[in-house]
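# Report on the structure
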Amino acid sequence: MSTPLPSDAALVELRPDALVFRTRECILPPTPIDLVLRLEGQPLSLRAPVEACLVVEKDRSGYVFHCRLDMAAVPAPDRQLLALFIAKGRGSPVLGVPGSR
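Let me begin by describing the structure that accompanies this report. As the structure is a computational prediction, the values presented were derived from the model and not from experiment.

Reading the values: the criteria
- Residues numbered from 1 in each chain as written.
- Predicted model: local features only at pLDDT ≥ 70, side-chain atom pairs only at ≥ 80, totals over all residues.
- Heavy atoms only, no water.
- Helix = DSSP H or I, 4+ residues; strand = E, 2+ residues; numbered from the N terminus.
- Polar contact = N/O pair within 3.5 Å; in protein donor to acceptor, adjacent residues only side chain to side chain.
- Contact = heavy atoms within 4.5 Å.
- Phe/Tyr/Trp six-rings, centres within 6.5 Å; stacked < 30°, edge-to-face > 60°.
- Buried < 20%, exposed > 50% of the residue type's maximum accessible area, 1.4 Å probe, protein only.
- Core = buried A, V, L, I, M, F, W, Y, C linked by side-chain atoms within 4.5 Å.
- Pairing = 2+ DSSP bridges.

What follows concerns unusual backbone geometry. Each neighbour pair has its own omega, and for Pro 29 with Pro 30 the value is 0°, a cis peptide bond. Along the chain, Pro 30 turns up in the loop between β3 (18-23) and β4 (32-39).

So, in structure tokens, the structure goes:
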């Protein structure tokens with residue numbers, strides 16, 4: 001069973017080996033997360049397990065977490081596509097929940 005990406009998730013970092021997003025939800029490892037990553041406007045559906053969930057900030061509303069996904073669990077063709085996108089250095093990837101536009 002997997003968990004959809006939290007609705008408040010914001011991309012922090014994207015590397016070929018890891019994706020880090022910011023959220024107010026604590027998602028414990030090894031929970032698999034379903035997400036859509038838009039690369040130059042094209043959706044790429046991914047499922048990857050949470051590798052780490054770190055508290056990075058606390059404010060009046062509560063805690064803010066950085067969740068790191070293990071991209072090694074993503075199929076090799078999708079990882080290659082991510083690596084090519086990162087190498088090109090054009091555009092900004094956008095996180096989304098599966099089924100959203």
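Continuing now.
With that settled, the discussion passes to the side chain of Ser 2. Tracing the chain through its elements places Ser 2 in the segment before β1 (3-4). A distance of 2.6 Å separates polar atoms of two side chains, one belonging to Ser 2 and the other to Asp 34. In this structure the side chain of Ser 2 is engaged in a polar contact, spanning 3.1 Å, whose partner is the side chain of Arg 47. Apart from the residues within four sequence positions on either side, Ser 2 is in contact with Pro 32, Asp 34 and Arg 47.

Glancing now at the packing of aromatic side chains. All told, the structure shown has one aromatic pair when counted by the stated rule. Seen in terms of ring centroids, Tyr 63 and Phe 65 are 6.3 Å apart; in terms of plane orientation they differ by 45°. Their pairing is tilted. By relative accessible area, Phe 65 is classed as buried at 9%.

Counting residues in hydrophobic clusters, the biggest one holds 23 residues, and the most contacted among them are Leu 19, Phe 21, Leu 35, Leu 37 and Leu 69. With sequence-adjacent residues up to four places away left out, Leu 19 is seen in contact with Leu 11, Glu 13, Leu 14, Leu 35, Leu 37, Cys 67, Arg 68, Leu 69, Met 71 and Leu 95.

In this section: the pairing of strand β6 (residues 62-70). Here β3 pairs with β6 via six bridges, running antiparallel. Each residue of the ladder has a partner; that of Arg 22, found in β6, is His 66. Linkage of strand β5 (residues 42-59) to β6, two consecutive antiparallel strands, is achieved through a turn of two residues.

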